[in-house]
Every structure is written in structure tokens, then in C-alpha cells.
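# Working through the structure, step by step
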Amino acid sequence: LDRHWRVRAAEGSAAAERVNAGLKLFDAGKTVAALDAFMAALELQPSNEEKKAALYNAACCYAKLEQTEDAVDSLRAALECGLQYATVLADGDLQALRGSAEFAGLKEEVVGGGDADGGSFRRDLKLINEARSPFRPVRGFLYVALGSAAFISTLITLPRLAAALAGDEGVTLVGVLQNLGINVAGLVAIFFLYRRDQDGEAQEISTLTIEETLSRLPISIGGTKQVQLCDLRSNARPVVLAGSAEKVGAAVRKAQKYRNQLEERGLLLVPFIIGSSAAQKEEDNKGFGSKARKMAVTPTPKSATREGGKAEGGDDESFDAAVAAATLKTKQAAGKRFKAEPPAAALAEWERTIEEMQRSVDGVGTGDDIFLVLRLDGRVRASGKGMPDWEQLIQDVPKSTELFSKLESG
């Protein structure tokens, strides 16, 4: 994952020095002072990489200070400097921000805007979509070729039609009308097929966007370990159950009857109570309990250099090994668990993603109960209104040890 915590300090680069000083302040919990350092770096004629690092880390400071609009503005500017949108989706310090309406607006800009707003993210989605539908470009070429031929034939037919209407004995009106009808019908059919293909691609891109957003949602396993759903790929099939406390609770209790069969298939229940983020916010505002701290998904300190440098207190190899070991341990724990839960700090982010799912799934409205079953490769296997039929799901999903499961995980 492309991180932009630190920039390599070029000789005499005051901007890089300010950025790296700000990171030390951030690590020490001095958020306001860190923000001042990042903003100062922007006034020192930074390079594009230095500017990107300063803006992104400033956004993390704003998020921690709960200044949502300023955080989103800084992220937007960082994206214009070439920041990878996937970085924004994965950063634990931006977890609470991703549940805000302002971030939802930024996401719409990234998915549907120009190259300045996360073009690489859209290109990645298009590449994935092309891999899933390899014959779409061929169909597009055929549509253009056949449509051009029908259009040219129609243009050639029009003068003959004029001549036939003028009484030219050498041109048969019936024959001309037949040719014209065939050409026009061909143009209409090709246009319909082309539009249907384009609409299908747009729908698939929308689904991919939602799948990618869903894959970045954090879950808590065993109350302490926290990973993103994408970290469980090839190891577990998450089953998201979103709805009222009554319906979700009943679905979980019913699933207990089939626990052994579900565990054999790597199905991991992730219950989410719709409206829980608002209840959590109200509780925080009343002062009950303490706010949940935003946890890093993996032990990725901001002081770690991910672009051209080394982590403080160790080299890149030991750092990466520590991250890999922690992730593997959590994956193994997920394989032994029956249920995971969204962490309290990410409830708003979960809420907004579930709302997007409700709008994208046929027959499901805002506020309706909804379930989603993910494949081992992270794609959505099944979704629908209400709660899943566990018996049917057990019949449809192969055991983790079977060949079909290995093929599914890639």
C-alpha cells in the first residue's frame, strides 16, 4: 500500500524538514503543533512529493481534531498532487472521517471526476472490470464497425430514395425502402446493444467501487484484534448482517444452529445494527464512557518511511516482517472465529457504506434489513433484503477445503 507519511529530505529542503518534524510531533500526540508544521511546509515552496505529504498528514491532523471540512479539503488537494485514493481508504487515522457526509462527497468526486481526483483509482477499477469482462472491448469494436457500415449504407440509400420518389424508372421504390428499413433497424439494434453494454459497465464499476469501499471497512475479532475485510481474503467469507437489533440478533441465533457447517465454509458473521453510529455519537455527546480511540489496522506507525527511506528504530525488512506477522496472526484468528464486529470508532463509516449498499441492491430501500455474502476473493457472492437463509447458503457455498473454494480465492 502506497503510504505518504514521510518524504525523503533533500539537501537544503526546508519543506521536507518541516514535514518530518510534524510527524514527530504527531507521534508525540501534539496534533495542533504537528498541523502547524505541515502548514508551514506548504509555505516553503515544496516539491510535489513534499506538498503531497504535507497535505495528507495535515488531513490526518484535521481528522483527529474533528475538523471534517478542513480534512476533506486537504485530502482533495493531496489527491490533486497524485495521492493514491486507496491510501485514504486504508488509513486508520481517517476512520471516523470516512463516515462523514463531506467524505462521501469527496468519494463521488474521485469515482466520477477528472484525473486530478483519484484517476488511478478509477483506472484500477476499469482494469479489474476489463479482466472480469475480457470480451467487452471486442464487442465495442464490433458495435462501432457495424454501426459505421449501417450508417454509411443509409447515406448511400437516401439519394436512391429521392430518385425513386422523383419517378426515376431505374430505381424501385419498394427495394429502396426495404434497404433503408434494414439499415435503420440495424442502427437502432446496434445503438441499443451498445447502450446496454455501456450501462452494464457503469453498473459493474459502481459495484466494484462499493466492493472496494466495503473491503476497507475495519472489523474487530475477539474484541482486540482489528483488521480490514480485505485482509481476510483467501481466509474467510464475511457475511454482513445489517438491520434492526431484533432481526440481526435473531439471524445470529439461528446461525448458531449451523455453526459447524458455516465454519467449515469459512463464513464469518459480521452483524451491524443500523442506526448504531447515531446512538454511539449521542452517547459520546452525553459524556457516557470515553470515545473509542482510532486503532491502526496493522501496526503501521506514521513514523515509518514508506517512500524511499527506513522506519525509525529498524530497517524496512524488519518493519514489513512485523506487519506481515501481525496480519497473519489475525487472519489465523479469524479462521477460528464465528463472529466479528465493527469497532465503535468505525460505526459511522459502516453506516454510510451500508446505505450505499441499500441503494445498489435491487428491491432494498434505505433503512431496510440487508445481508451481503462475500467470496474468498472479496467480491460480493450474494446480497438481498432481509437476512440470509442459512440452509440455502450452506448448500451454495463449498467447504474451504474443496477445489471450488481454492479456485474462488484465486
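Residues numbered from 1 in each chain as written. Predicted model: local features only at pLDDT ≥ 70, side-chain atom pairs only at ≥ 80, totals over all residues. Heavy atoms only, no water.

Counting secondary structure elements, the protein chain contains 16 helices and 6 strands. Taking all 410 residues of the protein chain together, 44% fall into the buried category. In the protein chain, once contacts between residues fewer than 6 apart in sequence are set aside, the share between residues at least 24 apart is 67%. Accessible area of the protein chain: about 20,800 Å², with a carbon and sulfur share of 53%. (Helix = DSSP H or I, 4+ residues; strand = E, 2+ residues; numbered from the N terminus. Buried < 20%, exposed > 50% of the residue type's maximum accessible area, 1.4 Å probe, protein only. Contact = heavy atoms within 4.5 Å. Areas by Shrake-Rupley, 256 points an atom, 1.4 Å probe, with all protein chains shown as cover.)

Now for the confidence of the model for the protein chain. On average, the protein chain scores 76 in pLDDT, and the residues at 70 or more come to 74%. By mean pLDDT, the top-scoring element of the protein chain is helix H10 (residues 245-256) (94), and the lowest-scoring one is helix H13 (residues 316-335) (51). Across residues 283-317, confidence stays below pLDDT 50; counting only partners more than four residues off in sequence or on other chains, it has 70 contacts. (pLDDT = per-residue confidence, 0-100.)

What follows covers the pattern of salt bridges. All told, the structure shown has 10 salt bridges when counted by the stated rule. Note that Arg259 is salt-bridged to Glu263, the shortest N-O span being 2.8 Å. One end of the pair, Arg259, and the other, Glu263, are both in helix H11 (residues 259-264), 4 residues apart, so they sit about a helical turn from each other. With relative accessibility at 32%, the residue Arg259 sits in the partly exposed group. Across the salt bridge formed by Arg265 and Glu264, the nearest N and O atoms sit 3.7 Å from each other. A residue is classified by how much of its surface remains accessible, and Arg265, at 10% relative accessible area, is buried. One salt-bridge network, in which partners are shared between bridges, spans Glu264, Arg265 and Lys399. (Salt bridge = Lys/Arg side-chain N within 4 Å of Asp/Glu carboxyl O.)

In this section: the packing of aromatic side chains. What characterises a pair of aromatic rings is the spacing of the ring centres plus the angle enclosed by the ring planes. Here the structure, examined in full by the defined rule, presents 2 aromatic pairs. With a centroid separation of 6.3 Å and an interplanar angle of 90°, the aromatic rings of Tyr143 and Tyr194 are classed as edge-to-face. One end of the pair, Tyr143, is in helix H8 (residues 136-165); the other, Tyr194, is in helix H9 (residues 173-215), and 51 residues separate them in sequence. A relative accessible area of 34% places Tyr194 in the partly exposed class. With a centroid separation of 5.9 Å and 25° between ring planes, the pair formed by Phe272 and Trp350 is classed as stacked. Here the residue Phe272 occupies a position in strand S4 (residues 267-273), and Trp350 occupies one in helix H14 (residues 347-360), the gap between them amounting to 78 residues. (Phe/Tyr/Trp six-rings, centres within 6.5 Å; stacked < 30°, edge-to-face > 60°.)

Structurally, the position occupied by Ala78 is in helix H4 (residues 68-80). When its relative accessible area of 0% is taken as the criterion, Ala78 is described as buried. Residues Ala78 and Lys51, spaced 27 residues apart in sequence, show a C-alpha to C-alpha distance of 7.6 Å. When residues no more than four places from it in sequence are discounted, the contact partners of Ala78 are Lys52, Leu55, Tyr56 and Leu83.

Tracing the chain through its elements places Cys81 in the loop between H4 and helix H5 (85-90). On the basis of relative accessible area, Cys81 is assigned to the buried category, the value being 11%. In the structure, Cys81 is positioned 31 residues away from Glu50 in sequence and 9.7 Å away in space, judged by C-alpha atoms. Once you skip the residues sitting within four places of it in the chain, Cys81 turns out to touch Asn48, Lys51, Lys52 and Leu55.

Here helix H3 (residues 48-64) spans 24 Å end to end across 17 residues, near enough to the 24 Å set by a 1.5 Å rise per residue. The buried count for H3 comes to 13 of 17 residues, which makes it a mostly enclosed element. A positive backbone phi angle near 60° is found at Glu66, which sits one or two residues after H3. (Expected span 1.5 Å × (residues − 1).)

On to a nonpolar patch on the surface, then. On the surface, Phe135, Val138, Phe141, Leu142 and Leu146 cluster together into a nonpolar patch covering about 550 Å² of accessible area. Within the fold, Leu142 resides in helix H8. (Patch = residues over 30% accessible without salt bridge, like charges linked within 9 Å, V, L, I, M, F, W, Y side chains within 5 Å.)

Counting residues in each nonpolar core, the largest one holds 31 residues, and the members touching the most others are Tyr56, Leu75, Val88, Leu94 and Leu97. For this core, the elements supplying multiple residues, two or more each, are helix H1 (14-27), helix H2 (31-41), H3, H4, H5 and helix H6 (101-112). Counting residues per element, this core draws most heavily on H3, which supplies 10 residues. Each residue touching Leu75, except ones within four places of it in the same chain, is listed here: Tyr56, Ala59, Val88, Leu94, Leu97, Phe103 and Leu106. Counting 25 residues, the second-largest nonpolar core is a separate cluster that includes Val227, Leu232, Val240 and Val270. (Core = buried A, V, L, I, M, F, W, Y, C linked by side-chain atoms within 4.5 Å.)

Spatially, S4-S3-S5-S6 is the arrangement adopted by the 4 strands of the open sheet, whose pairing is mixed. Looking at the sheet topology across the chains shown, the edges are occupied by S4 and strand S6 (380-385). Within the sheet, the average angular offset between the axes of one strand and its neighbour, ignoring direction, is 10°. In terms of strand pairing, strand S3 (residues 237-243) meets strand S5 (residues 370-374) through 4 bridges, oriented antiparallel. Opposite Val240, over in S5, you have Leu372 as the bridge partner. Contacts from H10 reach S3 and S4 within the one sheet, and its direction differs from that of S4 by about 160°. (Pairing = 2+ DSSP bridges. Axes fitted to C-alpha atoms, helices over the stretch in contact; angles between N-to-C directions.)

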